[in-house]
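Structural overview
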Protein chains: 2
Amino acid sequence: MRGRFFSGTYMNQVDAKHRLSVPATFRETIETRSGSRTVVLAPAEHAPCLVGYDIGHFEAVHAEIAARFAGDFGPGRGNLARTLFASAETLGYDDNGRIILPPILLELGELSGPALFLGAGDYFELWAPGLLLASDDVDPRLKRVVRALMQARGL
Amino acid sequence: MRGRFFSGTYMNQVDAKHRLSVPATFRETIETRSGSRTVVLAPAEHAPCLVGYDIGHFEAVHAEIAARFAGDFGPGRGNLARTLFASAETLGYDDNGRIILPPILLELGELSGPALFLGAGDYFELWAPGLLLASDDVDPRLKRVVRALMQARGL
DNA sequence: AGGGATACCATGGGCTTTCATGGAATTTCA
DNA sequence: TGAAATTCCATGAAAGCCCATGGTATCCCT
């Protein structure tokens, strides 16, 4: 199932050492898109979850900012660059496909125990299941899928 | 492995001897970009913090700012440029990755105790946590990240 | 098509290396 | 010769690395 896009729903565990397996299909998408074994994780803007990209997408954004603000070192550029890069973490995964979640991301995503990966095309989302089920903005059908996943694991 | 730009948020301590560890991932980025174990630190133009570059990027920034002031022969000319350049320091870090902050930078950045490194793409910023939380120009989400970091350290 | 073998994946544990930080030792210069 | 600055070593904690395991899906062969 190799593809250019992130799709599907997966649930993996955050262990005591804050390790988390990136689903194999997502890893393959990441490597297809960027050629590197690296994920960029950042807090989402409008939802209590994290967003994941391949590093190529991030570099594209970086290039765009650099071009748009060429010659401009005013506050606008500073803010954008700061917000975009400071809140993002660049994480490489190991031979088993696991990343280590830094404390900030654990905190912002409220991740402990099970973590949900939701494919979303050019990126994916990473949710604490409880927050997803409690969110008003999530499609009920998706919630059903999640509930089924949790039940299959005795949660 | 960690890319060629600065990203992420880190908090290290300024000790009694004014020593400060540059985060390992930033050191790696610096060496990737410039091939030297050297940081340039200067006061930021639009924010109460310091900015850090690898030497290569500093030269680019230097050229752009100098060009901006090129046609200005009024009385105000040079004050800003003087501040930016005169107080810029080229600091090499030691085997443990530590730089020693000169008094002028300590004062300009109001740094004592914890210091925040914010990745911003081609450069990074160095903040006193209190000043960042008090600044109106900083994105609220970024403040959340910083608060989470401080809480994790019992501040 | 069935059933056995195989490859892959998520997860756990232990071991090693690296990192941030503190302190001591040594040098430098007034 | 004393104070300040710089270099070196020590340490606890965290991050990363390697191998092991159990379970599931996949392949293959007759």
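In what follows, the structure referred to is the one given above.
Given the structure is predicted, the values throughout are model-derived calculations rather than measurements.

1. As for the protein's contact with DNA strand D
- By nearness alone, 11 residues border DNA strand D, and Asp 95, Asn 96 and Ile 100 of chain A together with Lys 17 and Asn 96 of chain B come closest of all.
- Counting only atoms of DNA strand D within 4 Å of the protein, the fraction found in sugar and phosphate groups is 33%.
- Here a base nitrogen of DNA strand D and a side-chain polar atom of Arg 19 of chain A are 3.5 Å apart.
- Between DNA strand D and the protein, one listed contact pairs a phosphate oxygen with a side-chain N or O atom of Asp 95 of chain A at 3.3 Å.
- Here the surface near DNA strand D is built from residues that sort into two nonpolar, two polar and seven charged.

2. A look at the interface of chain A and chain B
- Facing the 28 residues of chain A at the interface are 33 residues of chain B.
- Summed over both sides, the interface between chain A and chain B buries roughly 2600 Å², with carbon and sulfur atoms accounting for 60% of that surface.
- Between Glu 125 of chain B and Arg 82 of chain A there is a salt bridge, with the nearest N and O atoms lying 2.8 Å from each other.
- Taken together, the links from chain A to chain B amount to eight residue pairs in polar contact (both at pLDDT 80 or more).
- Tallying contributions element by element places helix α3 (residues 75-86) of chain A first for the side of chain A that touches chain B, with nine residues.

3. Description of the protein's contact with DNA strand C
- Of all residues adjacent to DNA strand C, which total 26 residues, the nearest are Lys 17 and Arg 19 of chain A together with Lys 17, Arg 19 and Arg 98 of chain B.
- The share of sugar and phosphate among atoms of DNA strand C within 4 Å of the protein is 48%.
- Take Arg 98 of chain A: an N or O atom from its side chain is 2.9 Å from a base oxygen of DNA strand C.
- Separating a phosphate oxygen of DNA strand C from a side-chain N or O atom of Arg 153 of chain A is a distance of 3.2 Å.
- Secondary structure elements with two or more residues in the surface near DNA strand C: β1 (9-14), β2 (19-21) and α1 (24-34) of chain A together with β1 (9-14), β2 (19-21) and α1 (24-34) of chain B.
- Split into classes, the residues belonging to the surface near DNA strand C amount to six nonpolar, eight polar and 12 charged.

4. Quick word on the packing of helix α2 (residues 55-68) of chain A against α3 of chain A
Residues and elements named next belong to chain A.
- For the pair α2 and α3, interaxial distance at closest approach is 11 Å and the crossing angle is 175°. In this view, α2 runs roughly antiparallel relative to α3, as classed from their interaxial angle. Counted together, Phe 58, Val 61, His 62, Ile 65, Ala 66 and Arg 68 of α2 and Arg 77, Leu 80, Leu 84 and Phe 85 of α3 form the full contact between these two elements.
- Considered class by class, the residues forming the contact of α2 with α3 number seven nonpolar, one polar and two charged.

5. Concerning the nonpolar core
- Core analysis: the largest hydrophobic core is formed by 27 residues, its most contacted members being Val 51, Tyr 53, Leu 116, Leu 118, Tyr 123, Trp 127 and Leu 132 of chain B.
- If you list the elements that add at least two residues to this core, you get α3 and α4 (103-109) of chain A together with β3 (38-43), β4 (50-53), α2 (55-68), β7 (113-119) and α6 (140-152) of chain B.
- Contact partners of Leu 118 of chain B, with chain neighbours within four places excluded, come to Arg 82 and Ala 86 of chain A together with Gly 8, Thr 9, Phe 26, Phe 124, Glu 125, Trp 127, Leu 132 and Leu 142 of chain B.

6. Points about the sheet that holds strand β7 (residues 113-120) of chain A
Residues and elements named next belong to chain A.
- Within the open sheet, the six strands sit side by side as β1-β7-β8-β4-β3-β5. Their pairing is antiparallel. At either end of the open sheet lies a strand with only one pairing partner, and these are β1 and β5 (89-92). For this sheet, the mean inter-axis angle between neighbouring strands, taken without regard to orientation, is 30°.
- Pairing between strand β3 (residues 38-43) and β5: four bridges, direction antiparallel. Within β5, the position partnered with Val 39 by the bridge is Leu 91.
- Sheet contacts for α2: β3, β4 (50-54) and β5; angle to β4, the most-contacted strand, approximately 90°.

7. Describing the environment of Ser 21 of chain B
Residues and elements named next belong to chain B.
- Relative to the helices and strands, Ser 21 resides in strand β2.
- Here the alpha-carbon distance between Ser 21 and Tyr 93, two residues 72 residues apart in the chain, equals 8.3 Å.
- Once residues lying within four places of it in the same chain are set aside, the contact partners of Ser 21 are Asn 12, Asn 96, Gly 97, Arg 98 and Phe 117.

Rules behind the numbers
- Residues numbered from 1 in each chain as written.
- Chains lettered and ligands numbered in written order.
- Predicted model: local features only at pLDDT ≥ 70, side-chain atom pairs only at ≥ 80, totals over all residues.
- Heavy atoms only, no water.
- Near = heavy atom within 4 Å.
- Polar contact = N/O pair within 3.5 Å; in protein donor to acceptor, adjacent residues only side chain to side chain.
- Nonpolar A, V, L, I, M, F, W, Y, C, P; charged D, E, K, R; others polar.
- Contact = heavy atoms within 4.5 Å.
- Buried area = accessible area lost by both parts, 1.4 Å probe.
- Salt bridge = Lys/Arg side-chain N within 4 Å of Asp/Glu carboxyl O.
- Helix = DSSP H or I, 4+ residues; strand = E, 2+ residues; numbered from the N terminus.
- Axes fitted to C-alpha atoms, helices over the stretch in contact; angles between N-to-C directions.
- Parallel < 35°, antiparallel > 145°, perpendicular 65-115°, else oblique.
- Core = buried A, V, L, I, M, F, W, Y, C linked by side-chain atoms within 4.5 Å.
- Buried < 20%, exposed > 50% of the residue type's maximum accessible area, 1.4 Å probe, protein only.
- Pairing = 2+ DSSP bridges.

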